[in-house]
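# Structure assessment
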Amino acid sequence: MSPVSIHSKLPNVGTTIFTVMSALAAEHKAINLGQGFPDYAMDESLLELVEHAMRNGHNQYAHMNGYGPLRKALADKVQYLYGSRPDPETEITITPGASYALFTALATILQPGDEVIVFEPAYDCYIPQIELMGAKAVTVNLVFPNYRIDWKEVRAKITGRTRAIIVNTPHNPTGSVLTKDDMLELEAAVAGSNIIVVADEVYEHLIFDGLQHESVLKYPPLRERAFAVYSFGKVYDCTGWKLGYCIAPPALMAEFRKIHQFNAFTCDTPKQVALADFINNRGVFLGLGSRLQKKRDYFQQLMTGTRFRPLASHGSYFQIYSYDAISDEPEYDFAIRLTKEAGVATIPVSSFYRTPVDNRVLRFCFSKRDETLAAAVERLKGI
Ligand code: PMP
Ligand code: GLN
């Protein structure tokens, strides 16, 4: 026993549901459609570029704001996709993953007592990060079953203490995406206020059905008050690299960098060098949505042979299914039982809520090899 004790900064928080379900999957030899990561190989040419960078001496600290040519390549990409070019010197910082970028953005802007509007179900790190800063999460439930935003409720929850709104599109866990109308509603909701928009766009390229990704960077009134956050790991099938980036206007980014310089300070150099070359080829990101849509469609087709009922997914790695025809158990219990008894791990959507909501739905990750998806669905047919 330790002779010292501390006050927990997160007394109500346990281990993340992703870690819990992955461990349970391993223990019961279940097929893991829980935690969001691909089980197929990443692009061989990107691996070769990393090896080349390492063998050519790119093994010391990169610039604190990120490897210059990578920031320039990202600025070009943003201009090509969203119509305006962030300044790589003052507006883009490479980070060790998107979670770190979100944490740093929130640390940059929040003072104790500030309020942040968060839509639930919400990706698991948002609320603990807000609370670590001494601020308060004000939640708005996305409207089941399509998980759309009720903008009237958002406007009603904005107060003089609202410091930020976090939006996430394409959305984890539901696969819903924000539309142009949503972005105009967001613009109107924050117009004339001091509210900052934190936009989690880690699945920006993973969007389906001919829809366009509505980035905050496409909307000048939002872009000038936003931190937009991205993850290389999620879009280039290398979640274990933990590399991402943040884009924000110069005054906000200057403060962000003050914190970053005393935390990670900089990120993995050879991978940044490789990514700079890799993303200069537009082909690498333009095909990602259709490749993943094929996975979604394949999975959906297989799942018609089960009693699970799909809800819409238009982006991300994820599809939600209702099991209301199978059981009325709470989501968490059902997900545990499914892992142990059927051998398929999923994520209960109720884990993405602070306020208990249980719609009898589970999140399935379809960024998996066809064989993995087929084997999982074979197991689900008996349910
Ligand atoms: N936001 C969302 C919505 C996510 O799904 C994830 C998980 N990858 C992250 C942020 C964190 O990304 P990273 O692994 O780059 O920290
Ligand atoms: N973003 C991943 C998911 O939603 C998990 C990453 C993590 O385990 N923190 O499954």
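Here the structure is shown first, and the text comes after it.
From a predicted model like this one, the values you see are computed outputs, not experimental measurements. (Residues numbered from 1 in each chain as written. Chains lettered and ligands numbered in written order. Predicted model: local features only at pLDDT ≥ 70, side-chain atom pairs only at ≥ 80, totals over all residues. Heavy atoms only, no water.)

What follows is about the site of ligand 2. The environment of ligand 2 is formed by F18, Q35, G36, Y123, N172, K234, F318 and R363. In this structure, Q35 approaches ligand 2 through a side-chain N or O atom, which is 2.7 Å from an oxygen atom. Within the side chain of Y123, one N or O atom sits 3.2 Å away from a nitrogen atom of ligand 2. For ligand 2, the protein covers 79% of the area, taking 300 Å² as the surface of the free molecule. (Near = heavy atom within 4 Å. Polar contact = N/O pair within 3.5 Å; in protein donor to acceptor, adjacent residues only side chain to side chain. Areas by Shrake-Rupley, 256 points an atom, 1.4 Å probe, with all protein chains shown as cover.)

Within the structure, ligand 1 sits among G97, A98, S99, Y123, N168, N172, D200, V202, Y203, S231, K234 and K242. K242 places a side-chain nitrogen or oxygen 2.6 Å from an oxygen atom of ligand 1. Contact with the protein chains hides 94% of the accessible area of ligand 1, taken as 390 Å² for the molecule alone. Here the residues of the shell around ligand 1 sort into four nonpolar, five polar and three charged. (Nonpolar A, V, L, I, M, F, W, Y, C, P; charged D, E, K, R; others polar.)

Within strand 10 (residues 318-322), five of the five residues are buried, which leaves it mostly tucked inside the rest of the structure. Covered by surrounding structure in strand 10 are F318, I320 and S322 together with Q319 and Y321, the residues of both alternating faces. Here strand 9 (residues 309-310) runs beside strand 10; their pairing, made up of two bridges, is antiparallel. For R309, the partnering residue across the bridge sits in strand 10 and is S322. As paired elements, strand 10 and strand 13 (residues 361-365) share five bridges and run antiparallel to each other. Bridging from a neighbouring strand, F318 pairs with C365 of strand 13. (Buried < 20%, exposed > 50% of the residue type's maximum accessible area, 1.4 Å probe, protein only. Helix = DSSP H or I, 4+ residues; strand = E, 2+ residues; numbered from the N terminus. Pairing = 2+ DSSP bridges.)

Here the focus is the sheet that holds strand 2 (residues 92-95). What the seven strands build is an open sheet, ordered 2-8-7-6-5-3-4; its pairing is mixed. In the strand order of this sheet, the two ends are held by strand 2 and strand 4 (136-141), each with one partner. Pairwise comparison of adjacent strand axes, ignoring direction, gives a mean angle of 20° for this sheet. Note: strand 2 against strand 8 (residues 244-247), four bridges, orientation antiparallel. Across the sheet, the residue bridging to T95 is G244, located in strand 8. The strands touched by helix 3 (residues 68-82) are strand 2 and strand 8; relative to strand 2, the strand with the most contacts, the crossing angle is about 120°. (Axes fitted to C-alpha atoms, helices over the stretch in contact; angles between N-to-C directions. Contact = heavy atoms within 4.5 Å.)

It is worth spelling out the pattern of salt bridges at this point. For the coordinates displayed, the defined rule picks out 23 salt bridges. In this structure, the salt-bridge partner of R296 is D209, at a minimum N-O distance of 2.8 Å. One end of the pair, R296, is in helix 13 (residues 288-303); the other, D209, is in the loop between strand 6 (196-200) and helix 8 (220-223), with 87 residues separating them in the sequence. Looking at D209, the relative accessible area reads 35%, which means it is partly exposed. (Salt bridge = Lys/Arg side-chain N within 4 Å of Asp/Glu carboxyl O.)

So, about the sheet that holds strand 13. The strand order 9-10-13-12 describes an open sheet built from four strands, whose pairing is antiparallel. Each having just a single partner strand, strand 9 and strand 12 (347-348) make up the two edges of the open sheet. Helix 13 contacts strand 10 and strand 13 of the sheet and is inclined by roughly 20° relative to strand 10. Sitting on the sheet, helix 14 (residues 331-342) touches strand 12 and strand 13, and the angle it makes with strand 13 is about 45°.

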